[in-house]
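For reference, the chains in residue letters:
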Amino acid sequence: MGNPRKSAILLFGPPGSGKGTQGAVLGELLGFFHVSTGDIFRALDKESELGNTFASYSSRGELVPDDVTIRIFNAHLEKAQKNRDYSPSDDILLLDGIPRSVQQAQLLEDDLDVLNVIHFAANNEAELINRLRGRAMKQGRTDDAKEEVIRRRLEVYAQETRPVLAHYDAGIVKTVDAIGTPAEVLARVLAEIAPLQRDYWAARASAG
Ligand code: ADP
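Quantities reported herein were computed from a predicted structural model and do not represent experimental measurements.

A.B. asks: What is the right way to read helix α4 (residues 66-82) from this model?
C.D. replies: Since there are 3.6 residues in each turn of an α-helix, residues three or four apart along the chain are aligned in direction. Spanning 17 residues, α4 covers 24 Å between terminal C-alpha atoms, matching the ideal 24 Å at 1.5 Å per step. Listed in full, the buried residues belonging to α4 are D66, V68, T69, I70, I72, F73, L77 and A80. Following α4 by one or two positions, R84 has its phi on the positive side, about 60 degrees.

Shown next, in the form of C-alpha coordinates:
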(Lines give C-alpha, C1' and ligand atoms only; values in the text may rest on other atoms or scores of the structure.)
Protein backbone atom coordinates (compact mmCIF):
# COMPACT_ATOMS: atom_id res chain seq x y z
CA MET A 1 0.00 0.00 0.00
CA GLY A 2 1.19 3.54 -0.76
CA ASN A 3 1.33 6.39 1.71
CA PRO A 4 -2.00 7.91 2.77
CA ARG A 5 -2.94 11.01 0.83
CA LYS A 6 -1.85 14.33 2.31
CA SER A 7 -4.65 16.65 3.41
CA ALA A 8 -4.56 19.99 1.61
CA ILE A 9 -6.41 23.24 1.17
CA LEU A 10 -5.79 25.05 -2.12
CA LEU A 11 -5.35 28.82 -2.08
CA PHE A 12 -6.46 29.54 -5.59
CA GLY A 13 -6.73 32.74 -7.62
CA PRO A 14 -5.09 35.01 -10.18
CA PRO A 15 -1.66 36.62 -9.73
CA GLY A 16 -2.04 39.52 -7.32
CA SER A 17 -5.17 38.15 -5.62
CA GLY A 18 -3.35 37.87 -2.29
CA LYS A 19 -2.97 34.10 -1.91
CA GLY A 20 0.68 34.45 -0.94
CA THR A 21 0.02 37.17 1.62
CA GLN A 22 -2.70 35.13 3.30
CA GLY A 23 -0.82 31.83 2.97
CA ALA A 24 2.21 33.23 4.78
CA VAL A 25 0.07 34.41 7.72
CA LEU A 26 -2.03 31.22 7.96
CA GLY A 27 1.08 29.06 7.69
CA GLU A 28 2.17 30.47 11.06
CA LEU A 29 -0.78 28.75 12.75
CA LEU A 30 -0.28 25.39 14.38
CA GLY A 31 -1.53 22.60 12.13
CA PHE A 32 -1.07 24.36 8.78
CA PHE A 33 1.94 24.12 6.48
CA HIS A 34 2.16 26.74 3.73
CA VAL A 35 3.81 25.85 0.43
CA SER A 36 4.23 28.47 -2.29
CA THR A 37 5.66 27.10 -5.52
CA GLY A 38 6.59 30.63 -6.62
CA ASP A 39 8.71 30.99 -3.45
CA ILE A 40 10.30 27.56 -4.00
CA PHE A 41 11.23 28.47 -7.56
CA ARG A 42 12.60 31.89 -6.58
CA ALA A 43 14.81 30.23 -3.93
CA LEU A 44 16.56 28.07 -6.56
CA ASP A 45 20.19 28.87 -7.26
CA LYS A 46 20.02 31.22 -10.26
CA GLU A 47 23.11 29.64 -11.78
CA SER A 48 21.68 26.11 -11.62
CA GLU A 49 19.95 24.39 -14.54
CA LEU A 50 16.60 24.43 -12.73
CA GLY A 51 17.07 28.05 -11.74
CA ASN A 52 17.68 28.90 -15.37
CA THR A 53 14.68 26.91 -16.53
CA PHE A 54 12.48 28.79 -14.04
CA ALA A 55 13.82 32.20 -15.10
CA SER A 56 13.27 31.45 -18.78
CA TYR A 57 9.56 30.78 -18.21
CA SER A 58 8.70 33.22 -15.44
CA SER A 59 10.34 36.18 -17.18
CA ARG A 60 7.86 35.64 -20.04
CA GLY A 61 4.89 35.13 -17.74
CA GLU A 62 4.66 31.45 -18.72
CA LEU A 63 4.24 28.40 -16.49
CA VAL A 64 7.16 26.12 -15.74
CA PRO A 65 6.45 22.71 -17.38
CA ASP A 66 4.24 20.42 -15.28
CA ASP A 67 6.71 17.54 -14.83
CA VAL A 68 9.47 19.85 -13.53
CA THR A 69 7.02 21.64 -11.24
CA ILE A 70 5.67 18.44 -9.68
CA ARG A 71 9.19 17.07 -9.19
CA ILE A 72 10.36 20.21 -7.37
CA PHE A 73 7.18 20.36 -5.29
CA ASN A 74 7.53 16.72 -4.17
CA ALA A 75 11.21 17.21 -3.33
CA HIS A 76 10.30 20.26 -1.22
CA LEU A 77 7.71 18.29 0.77
CA GLU A 78 10.06 15.37 1.30
CA LYS A 79 12.72 17.69 2.63
CA ALA A 80 10.25 19.47 4.93
CA GLN A 81 9.15 16.10 6.27
CA LYS A 82 12.72 14.99 6.87
CA ASN A 83 13.47 18.25 8.69
CA ARG A 84 10.28 17.76 10.75
CA ASP A 85 8.89 21.10 9.60
CA TYR A 86 5.92 19.28 8.11
CA SER A 87 4.06 16.20 9.33
CA PRO A 88 1.47 14.74 6.92
CA SER A 89 -0.46 13.19 9.81
CA ASP A 90 -0.66 16.44 11.83
CA ASP A 91 -0.63 19.29 9.32
CA ILE A 92 -2.97 20.46 6.60
CA LEU A 93 -1.07 21.75 3.57
CA LEU A 94 -1.97 25.24 2.38
CA LEU A 95 -1.03 25.10 -1.28
CA ASP A 96 -0.38 28.42 -2.94
CA GLY A 97 0.40 28.31 -6.66
CA ILE A 98 -0.11 24.61 -7.25
CA PRO A 99 -1.89 22.95 -9.03
CA ARG A 100 -1.83 25.58 -11.74
CA SER A 101 -3.01 23.44 -14.66
CA VAL A 102 -5.49 20.60 -14.98
CA GLN A 103 -2.63 18.23 -15.71
CA GLN A 104 -0.91 19.21 -12.43
CA ALA A 105 -4.18 18.55 -10.58
CA GLN A 106 -4.31 15.10 -12.17
CA LEU A 107 -0.68 14.35 -11.39
CA LEU A 108 -1.26 15.24 -7.72
CA GLU A 109 -4.51 13.34 -7.33
CA ASP A 110 -3.02 10.16 -5.85
CA ASP A 111 -0.98 12.13 -3.30
CA LEU A 112 -3.36 14.85 -2.17
CA ASP A 113 -6.71 14.81 -0.43
CA VAL A 114 -8.05 18.26 -1.32
CA LEU A 115 -10.40 19.27 1.52
CA ASN A 116 -11.28 22.66 0.14
CA VAL A 117 -10.40 25.10 -2.62
CA ILE A 118 -10.41 28.72 -1.46
CA HIS A 119 -11.05 30.72 -4.59
CA PHE A 120 -9.75 34.30 -4.24
CA ALA A 121 -12.14 36.06 -6.58
CA ALA A 122 -10.82 39.31 -8.02
CA ASN A 123 -12.54 40.46 -11.16
CA ASN A 124 -11.03 43.91 -10.95
CA GLU A 125 -8.08 43.57 -13.34
CA ALA A 126 -6.88 47.14 -12.80
CA GLU A 127 -6.60 46.45 -9.05
CA LEU A 128 -4.62 43.25 -9.68
CA ILE A 129 -2.22 45.03 -12.01
CA ASN A 130 -1.73 47.78 -9.44
CA ARG A 131 -0.95 45.27 -6.71
CA LEU A 132 1.55 43.44 -8.93
CA ARG A 133 3.29 46.70 -9.83
CA GLY A 134 3.56 47.59 -6.14
CA ARG A 135 5.03 44.19 -5.38
CA ALA A 136 7.58 44.53 -8.19
CA MET A 137 8.95 47.68 -6.59
CA LYS A 138 9.04 46.21 -3.07
CA GLN A 139 10.38 42.74 -3.84
CA GLY A 140 12.39 43.36 -6.98
CA ARG A 141 10.42 40.75 -8.93
CA THR A 142 11.28 41.10 -12.58
CA ASP A 143 8.17 39.17 -13.71
CA ASP A 144 5.98 41.85 -12.11
CA ALA A 145 7.80 44.87 -13.50
CA LYS A 146 6.74 44.78 -17.14
CA GLU A 147 3.16 45.46 -18.11
CA GLU A 148 3.28 42.96 -21.01
CA VAL A 149 4.53 40.15 -18.71
CA ILE A 150 1.81 40.93 -16.15
CA ARG A 151 -0.81 40.81 -18.91
CA ARG A 152 0.54 37.49 -20.16
CA ARG A 153 0.37 36.05 -16.60
CA LEU A 154 -3.27 37.07 -16.32
CA GLU A 155 -3.97 35.47 -19.73
CA VAL A 156 -2.20 32.25 -18.75
CA TYR A 157 -4.26 32.22 -15.55
CA ALA A 158 -7.50 32.50 -17.54
CA GLN A 159 -6.49 29.85 -20.09
CA GLU A 160 -4.55 27.26 -18.11
CA THR A 161 -5.19 27.77 -14.41
CA ARG A 162 -8.82 28.79 -14.02
CA PRO A 163 -10.04 25.48 -15.55
CA VAL A 164 -8.54 23.73 -12.48
CA LEU A 165 -11.54 25.01 -10.47
CA ALA A 166 -13.93 22.87 -12.52
CA HIS A 167 -11.73 19.83 -11.87
CA TYR A 168 -12.87 19.77 -8.22
CA ASP A 169 -16.31 19.02 -6.85
CA ALA A 170 -18.24 22.31 -6.70
CA GLY A 171 -19.14 21.53 -3.08
CA ILE A 172 -15.56 22.01 -1.89
CA VAL A 173 -14.91 25.23 -3.83
CA LYS A 174 -15.38 28.27 -1.55
CA THR A 175 -15.25 31.69 -3.14
CA VAL A 176 -13.99 34.62 -1.08
CA ASP A 177 -13.92 38.23 -2.20
CA ALA A 178 -10.21 39.07 -2.57
CA ILE A 179 -10.80 42.81 -2.80
CA GLY A 180 -10.38 44.48 0.58
CA THR A 181 -7.71 45.08 3.17
CA PRO A 182 -5.43 42.13 3.99
CA ALA A 183 -7.14 41.82 7.41
CA GLU A 184 -10.60 41.79 5.84
CA VAL A 185 -9.61 39.10 3.34
CA LEU A 186 -7.96 37.11 6.15
CA ALA A 187 -11.23 37.15 8.12
CA ARG A 188 -13.10 35.80 5.08
CA VAL A 189 -10.57 33.02 4.52
CA LEU A 190 -10.55 32.08 8.21
CA ALA A 191 -14.34 31.81 8.22
CA GLU A 192 -13.94 29.05 5.62
CA ILE A 193 -10.94 27.16 6.95
CA ALA A 194 -11.45 27.32 10.74
CA PRO A 195 -14.34 24.79 10.64
CA LEU A 196 -12.27 22.52 8.38
CA GLN A 197 -9.40 22.47 10.84
CA ARG A 198 -11.79 21.77 13.71
CA ASP A 199 -13.30 18.78 11.84
CA TYR A 200 -9.84 17.58 10.87
CA TRP A 201 -8.64 17.66 14.49
CA ALA A 202 -11.82 15.94 15.70
CA ALA A 203 -11.41 13.17 13.10
CA ARG A 204 -7.78 12.68 14.09
CA ALA A 205 -8.66 12.49 17.79
CA SER A 206 -11.34 9.87 17.17
CA ALA A 207 -8.97 7.85 14.96
CA GLY A 208 -6.70 7.72 18.01
P1 ADP B 1 1.96 34.79 -9.28
O2 ADP B 1 0.86 34.11 -8.52
O3 ADP B 1 2.05 36.23 -9.00
O4 ADP B 1 1.92 34.49 -10.76
P5 ADP B 1 4.00 33.01 -8.17
O6 ADP B 1 4.98 33.55 -7.22
O7 ADP B 1 2.99 32.05 -7.66
O8 ADP B 1 3.35 34.28 -8.81
O9 ADP B 1 4.75 32.31 -9.39
C10 ADP B 1 5.76 32.95 -10.11
C11 ADP B 1 6.11 32.15 -11.36
O12 ADP B 1 6.57 30.83 -10.99
C13 ADP B 1 4.92 31.88 -12.30
O14 ADP B 1 4.69 32.94 -13.19
C15 ADP B 1 5.39 30.61 -13.02
O16 ADP B 1 6.33 30.89 -14.03
C17 ADP B 1 6.13 29.84 -11.91
N18 ADP B 1 5.23 28.90 -11.21
C19 ADP B 1 4.84 28.95 -9.91
N20 ADP B 1 4.05 27.90 -9.60
C21 ADP B 1 3.94 27.16 -10.73
C22 ADP B 1 3.26 25.96 -11.07
N23 ADP B 1 2.50 25.27 -10.18
N24 ADP B 1 3.37 25.50 -12.32
C25 ADP B 1 4.11 26.13 -13.23
N26 ADP B 1 4.77 27.26 -12.99
C27 ADP B 1 4.70 27.79 -11.75
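A.B. asks: Can you help me understand the site of the ligand in this one?
C.D. replies: Near the ligand there are 20 residues, and of these T37, E62, G97, Q104 and R135 occur at the shortest range. The separation between a nitrogen atom of the ligand and a polar main-chain atom of V64 is 3.0 Å. Between the ligand and G97, the relevant distance is 2.8 Å, taken from a nitrogen atom to a main-chain nitrogen or oxygen of the residue. A majority-of-atoms criterion places the ligand in the largest pocket. For the shell around the ligand, the elements supplying multiple residues, two or more each, are α2 (37-42) and α3 (49-58).

A.B. asks: How do you make sense of α3 when you look at a structure like this?
C.D. replies: What α3 keeps buried is the set G51, F54 and S58. What you see down the axis of α3 is that its buried residues fit within an arc of 65 degrees, all on one side.

A.B. asks: Explain unusual backbone geometry here, please?
C.D. replies: Peptide bonds are, in most cases, trans, and in most cases residues other than glycine have a negative phi. The step from I98 to P99 runs through a cis peptide bond, and the omega angle for that step is -5 degrees. Relative to the elements of secondary structure, P99 occurs in the loop between β3 (92-96) and α5 (102-108). Positioned with a positive phi, R84 is a non-glycine residue whose angle comes to about 60 degrees. Within the secondary structure layout, R84 lies in the loop between α4 and β3. Residue classification places R84 among the exposed residues on the basis of a relative accessible area of 76%.

A.B. asks: Is there a simple way to explain the pattern of salt bridges in this structure?
C.D. replies: One side chain can pair with another of opposite charge once the charged atoms of both are near each other. Scanning all chains against the criterion turns up nine salt bridges. Among the ionic pairs, D113 bridges to R5, the shortest N-O distance being 3.7 Å. With D113 in strand β4 (residues 112-121) and R5 in the segment before β1 (6-12), this residue pair connects regions lying 108 residues apart in the sequence. Under the relative-accessibility criterion, R5 is labelled partly exposed at 44%. The residue E147 makes a salt bridge to R151 at a minimum N-O spacing of 2.9 Å. With E147 and R151 both in helix α8 (residues 147-161) and four residues apart, this pair spans about one turn of that helix. Overlapping salt bridges, with partners in common, bring together E125, R133, E147 and R151 in one network.

A.B. asks: Can you help me understand the packing of aromatic side chains in this one?
C.D. replies: Given two aromatic rings, their pairing is described by the distance between the two centres and the angle made by the two planes. As enumerated under the stated definition, the model contains three aromatic pairs in all. With a centroid separation of 6.1 Å and an interplanar angle of 50 degrees, the aromatic rings of F12 and Y157 are classed as tilted. Of this pair, F12 sits in strand β1 while Y157 sits in helix α8, and the two are 145 residues apart along the sequence. According to the relative accessible area criterion, F12 is buried, its value standing at 4%. Taken together, a centroid distance of 5.3 Å and an interplanar angle of 10 degrees make the contact between F41 and F54 stacked. Of this pair, F41 sits in helix α2 while F54 sits in helix α3, placing them 13 residues apart in sequence.

A.B. asks: How do you make sense of the pairing of β4 when you look at a structure like this?
C.D. replies: In regular strands, side chains alternate between the two faces of the sheet. Of all 10 residues in β4, eight are buried, a share of seventy percent or more. Examined bridge by bridge, β4 and strand β5 (residues 173-177) share five bridges and lie parallel to one another. For I118, the partnering residue across the bridge sits in β5 and is K174.

A.B. asks: Explain the side chain of R153 here, please?
C.D. replies: Secondary-structure assignment places R153 in helix α8. Look past the residues within four positions of R153 in its chain and what remains in contact with it is P15, G61, L132, R135, R141, D143 and D144.

Parameters and conventions
Residues numbered from 1 in each chain as written. Predicted model: local features only at pLDDT ≥ 70, side-chain atom pairs only at ≥ 80, totals over all residues. Heavy atoms only, no water. Helix = DSSP H or I, 4+ residues; strand = E, 2+ residues; numbered from the N terminus. Expected span 1.5 Å × (residues − 1). Buried < 20%, exposed > 50% of the residue type's maximum accessible area, 1.4 Å probe, protein only. Near = heavy atom within 4 Å. Polar contact = N/O pair within 3.5 Å; in protein donor to acceptor, adjacent residues only side chain to side chain. 1 Å grid on protein atoms, 1.4 Å probe; cavity = no way out; pocket = protein on both sides within 12 Å on 5 of 7 lines; lining within 4 Å. Sits in = over half its atoms within 2 Å of the grid points. Arc of directions from axis to C-beta. Salt bridge = Lys/Arg side-chain N within 4 Å of Asp/Glu carboxyl O. Phe/Tyr/Trp six-rings, centres within 6.5 Å; stacked < 30°, edge-to-face > 60°. Pairing = 2+ DSSP bridges. Contact = heavy atoms within 4.5 Å.

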